[in-house]
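In case you want the letters, here they are:
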Amino acid sequence: MKKYTCKSCWYTYDPAVGDPKAGIAPGTAFEDLPEDWLCPICMRDKDGFKEETEVKEEGNEPLNIELDRYKCNSCWYIYDPRIGDPKAGVAAGTPFEDLPEDWFCPVCMLTKEQFVKVSLSEELVKKAVAGEPASKHSDLSRYKCKACYYTYDPRVGDPASGVEPGTSFEDLPEEWLCPICMMMKNYFIKVEE
């Protein structure tokens, strides 16, 4: 089966791996992904992907829970060592700790010191390794911020704010804010499927 790479963040969907956090089992072809499936890194839809053979940079390696992901404190960017940072010459499989000292966030240009480790619960890690869905709530609606267009996806949650995958938008705490522009929940609109 063919691999497909996101044109925005260079994440590569590998059918052999699937997308366990979104409930996509290994062995699922890209063409068979649900129409509402989104890139797990930058939330782009399927139209934002192209066949891997058309991309010169390498895509991601299979899931390796030993490689931690790190989130920029300023913007939405998450450094995923399975992907690396091909545009900056950082190969897939490069742990965050091994990034050059002069590396910076490719979105907002902040330094490594501005990143925090993204932690997954032990239960989610076990599910990912077993190829199980992280959540049974993949049918929950997504909501988009009217200010910055960030989309809250309940399949992903907002781990940096302590919101677990599977949390519906309605169940978010009232004090929850958009992680990009800090707008309140009442500034979000439901994404029509």
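The rules behind these values
- Residues numbered from 1 in each chain as written.
- Predicted model: local features only at pLDDT ≥ 70, side-chain atom pairs only at ≥ 80, totals over all residues.
- Heavy atoms only, no water.
- Helix = DSSP H or I, 4+ residues; strand = E, 2+ residues; numbered from the N terminus.
- Contact = heavy atoms within 4.5 Å.
- Areas by Shrake-Rupley, 256 points an atom, 1.4 Å probe, with all protein chains shown as cover.
- Buried < 20%, exposed > 50% of the residue type's maximum accessible area, 1.4 Å probe, protein only.
- Patch = residues over 30% accessible without salt bridge, like charges linked within 9 Å, V, L, I, M, F, W, Y side chains within 5 Å.
- Salt bridge = Lys/Arg side-chain N within 4 Å of Asp/Glu carboxyl O.
- Pairing = 2+ DSSP bridges.
- pLDDT = per-residue confidence, 0-100.

**Student:** Would you mind showing me how to read the overall build of the chain here?
**Tutor:** When you go through the chain residue by residue, the secondary structure sums to 1 helix and 9 strands. When the elements of the chain are put in sequence order from the N terminus, they spell out β-β-β-β-β-β-α-β-β-β. Residue pairs in contact within the chain that sit at least 24 positions apart in sequence constitute 53% of those at least 6 positions apart. Here the chain has roughly 10500 Å² of accessible surface; of this, 50% comes from carbon and sulfur atoms.

**Student:** I tried to follow the environment of Gly84 on my own but got confused; where do I start?
**Tutor:** The residue Gly84 is located in the loop between β5 (78-79) and β6 (115-118) in this model. The exposure class assigned to Gly84 is buried, which follows from its relative accessible area of 4%. Taking the C-alpha atoms as reference points, Gly84 and Phe96, 12 residues apart in sequence, are found 8.6 Å from one another. Apart from the residues lying within four places of it in its own chain, the contact partners of Gly84 are Tyr77, Tyr79, Val90, Ala91 and Ala92.

**Student:** Explain a nonpolar patch on the surface to me, please; I cannot follow it from the model alone.
**Tutor:** On the surface, a nonpolar cluster with roughly 290 Å² of combined accessible area is contributed by Leu177, Met182 and Met184. Counting through the fold element by element, Leu177 comes out in the loop between β8 (151-152) and β9 (188-190).

**Student:** Honestly, the pairing of strand β4 (residues 69-72) in this entry has me stumped. Any pointers?
**Tutor:** Along any regular strand the residues' side chains alternate between the sheet's two faces. The side-chain alternation of β4 yields two buried faces, one formed by Arg69 and Lys71 and the other by Tyr70 and Cys72. By the bridge criterion, 4 bridges tie β4 to β6 in an arrangement that is antiparallel. Bridging across to β6, Lys71 finds its partner in Val116. Pairing of β4 with β5, which is carried by 2 bridges, proceeds in the antiparallel orientation. When the bridges of β5 are listed, Tyr70 appears paired with Tyr79.

**Student:** Before we go on, may I ask you to explain the confidence of the model for the chain in this structure?
**Tutor:** When pLDDT drops low, the exact placement of atoms in the prediction is not to be read closely. Considering every residue of the chain, the mean pLDDT works out to 77; 79% of them sit at 70 or more. Helix α1 (residues 122-130) is the least confidently modelled element of the chain, averaging 49 in pLDDT, while β9 averages 91, the highest of any element. Across residues 121-125, where pLDDT falls below 50, the model places 6 contacts with residues more than four positions away in sequence or in other chains. Across residues 133-138, confidence stays below pLDDT 50; counting only partners more than four residues off in sequence or on other chains, it has 14 contacts.

**Student:** Teacher, can you tell me more about the sheet that holds strand β1 (residues 4-6) here?
**Tutor:** Strands sit in the order β2-β1-β3 across an open sheet of 3 strands; the sheet is antiparallel. Two strands in the sheet have a free side with no partner beyond their single neighbour: β2 (12-13) and β3 (49-51). Where β1 lies against β2, 2 bridges are found, and the strand directions are antiparallel. For Tyr4, the partnering residue across the bridge sits in β2 and is Tyr13.

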